[in-house]
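A structural walkthrough
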Amino acid sequence: MEWVRISNIEKHRGSLMKSYGNRSLPGNLTVPYENGRTVIDYDAAQPSSRKKTGRQPGHQTKNAERATGGRQTKKRGKNNRNRMRIRGKRVIAAILLAGIAAVTLTGCRNAGRSEQKTEKPVITLGSDSYPPYNYLNEDGIPTGIDVELATEAFRRMGYQVKIVQINWEKKKELVENGEIDCIMGCFSMEGRLDDYRWAGPYIASRQVVAVNESSDIYRLSDLEGKNLAVQSTTKPEGIFLNRTDERIPKLDNLISLGHRELIYTFLGKGYVDAVAAHEESIVQYMKDYGIRFRILEEPLMIVGIGVAFAKNDDRGICEQMDQTLEEMRQDGTSLKIIGKYLDDP
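If you're wondering where the values come from, they're calculated on a predicted model, not measured in any experiment.

Time to look at unusual backbone geometry. Residue proline 131 is joined to proline 132 through a cis peptide bond whose omega torsion reads 5°. Here proline 132 shows up in the loop between β2 (122–127) and β3 (135–136). Backbone torsion omega between glycine 200 and proline 201 reads 10°, so that peptide bond is classified as cis. Mapped onto the elements of the fold, proline 201 is located in strand β7 (residues 197–212). Even without glycine at this site, threonine 233 takes up a positive phi of about 65°. Mapped onto the elements, threonine 233 comes out in the loop between β8 (227–231) and α6 (235–242). For threonine 233, a relative accessible area of 18% translates into the label buried. Phi at arginine 243 takes a positive value of approximately 50°, unusual for a residue other than glycine.

As structure tokens, this is what we get:
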């Protein structure tokens with residue numbers, strides 16, 4: 001059996017042409033993939049300081065004095081009014097300043113509360129695009145079974161989650177060097193128990209083989225001498241490379257591709273006879289693109305799906321995650337989330 005792991009289609013065009021003869025090969029495969037104001041009129045509110053005075057004819061001096069006194073009285077009244085205006089303006093200014101200070105202090109207190117609410121430690125979760133477990137929705141926001149389960153579990157644990165897309169082939173390196181805290185992307189635990197520290201399993205999944213509807217392949221044994229595509233570093237790759245299960249026949253070619261979508265492109269165009277993957281992934285691809293494949297009744301393996309942490313991660317987060325996922329299973333939260341994405345959870 002020839003095993004080809006392809007990361008660059010163009011780079012391997014020659015070897016593929018040799019394997020597939022004159023059948024055309026894809027060139028560049030494209031993966032479909034934020035005043036009211038109160039005015040106080042002090043002049044109208046205050047009584048006039050001017051008093052009524054009687055007029056005494058023939059007394060010019062007194063009249064003059066009265067006239068002078070009247071002018072002085074008017075002047076005093078005007079000065080009083082000016083002082084009242086100034087005093088009133090000072091009062092209004094003081095009220096406004098007090099109001100501004102109160103609003104500012106309230107805003108600071110609210111901002112402080114807001115910061116306290118959002119200051120949670122961040123867990124960085126790494127996965128590739130693997131619908132319906134982890135993918136970007138129409139708005140470019142991560143969603144899926146694993147995204148919702150992780151978000152709820154870590155929320156209960158007091159963390160917030162940052163979902164990042166990773167190169168799936170480098171997942172072990174990324175979690176061991178601390179670039180991500182954990183791997184959660186429909187990740188099979190079987191055969192990897194000694195490679196990571198695990199939380200789970202939180203769901204079971206069937207690894208299956210799918211073929212075109214017109215194919216004459218109905219059983220695993222019919223794969224003898226055929227060409228089969230898998231996503232690189234996945235469980236099906238290991239199954240067909242190691243062949244520890246006696247039911248697994250010898251293939252003509254095993255082609256490992258870097259992205260999930262490419263294996264279905266190879267099958268649809270006839271470059272391979274079959275593909276192997278998680279059953280949910282195959283079903284989701286058919287729903288998304290309106291393509292019909294036939295899934296063999298005989299599964300390759302039934303596996304448990306878990307959350308992987310670095311083997312030397314001794315922070316206790318893995319153990320807490322394992323307990324929280326079990327609590328979510330018991331209280332029905334997990335089933336409710338999974339049921340949003342799978343017809344038969």
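Here we take up the confidence of the model for the chain. On average, residues of the chain score 80 in pLDDT, and 67% of them are at 70 or above. Across residues 20–68, confidence stays below pLDDT 50; counting only partners more than four residues off in sequence or on other chains, it has 43 contacts.

Turning to a nonpolar patch on the surface, a few remarks are in order. Together, Met1, Trp3 and Leu241 make up a nonpolar patch on the protein surface, roughly 250 Å² of accessible area in all. By the element assignment, tryptophan 3 lies in strand β1 (residues 2–6).

Let us now look at the pairing of β2. The element β2 is largely enclosed, with a buried count of five among its six residues. Summarising the sheet, β2 and strand β5 (residues 160–165) pair through six bridges and their orientation is parallel. Pairing of threonine 124 across the sheet is with lysine 162, part of β5. The pairing of β2 with strand β6 (residues 182–188) spans two bridges and is classified as parallel. Across the sheet, the residue bridging to glycine 126 is isoleucine 183, located in β6.

Here is what the cut-offs are and how they apply
- Residues numbered from 1 in each chain as written.
- Predicted model: local features only at pLDDT ≥ 70, side-chain atom pairs only at ≥ 80, totals over all residues.
- Heavy atoms only, no water.
- Helix = DSSP H or I, 4+ residues; strand = E, 2+ residues; numbered from the N terminus.
- Buried < 20%, exposed > 50% of the residue type's maximum accessible area, 1.4 Å probe, protein only.
- pLDDT = per-residue confidence, 0-100.
- Contact = heavy atoms within 4.5 Å.
- Patch = residues over 30% accessible without salt bridge, like charges linked within 9 Å, V, L, I, M, F, W, Y side chains within 5 Å.
- Areas by Shrake-Rupley, 256 points an atom, 1.4 Å probe, with all protein chains shown as cover.
- Salt bridge = Lys/Arg side-chain N within 4 Å of Asp/Glu carboxyl O.
- Pairing = 2+ DSSP bridges.

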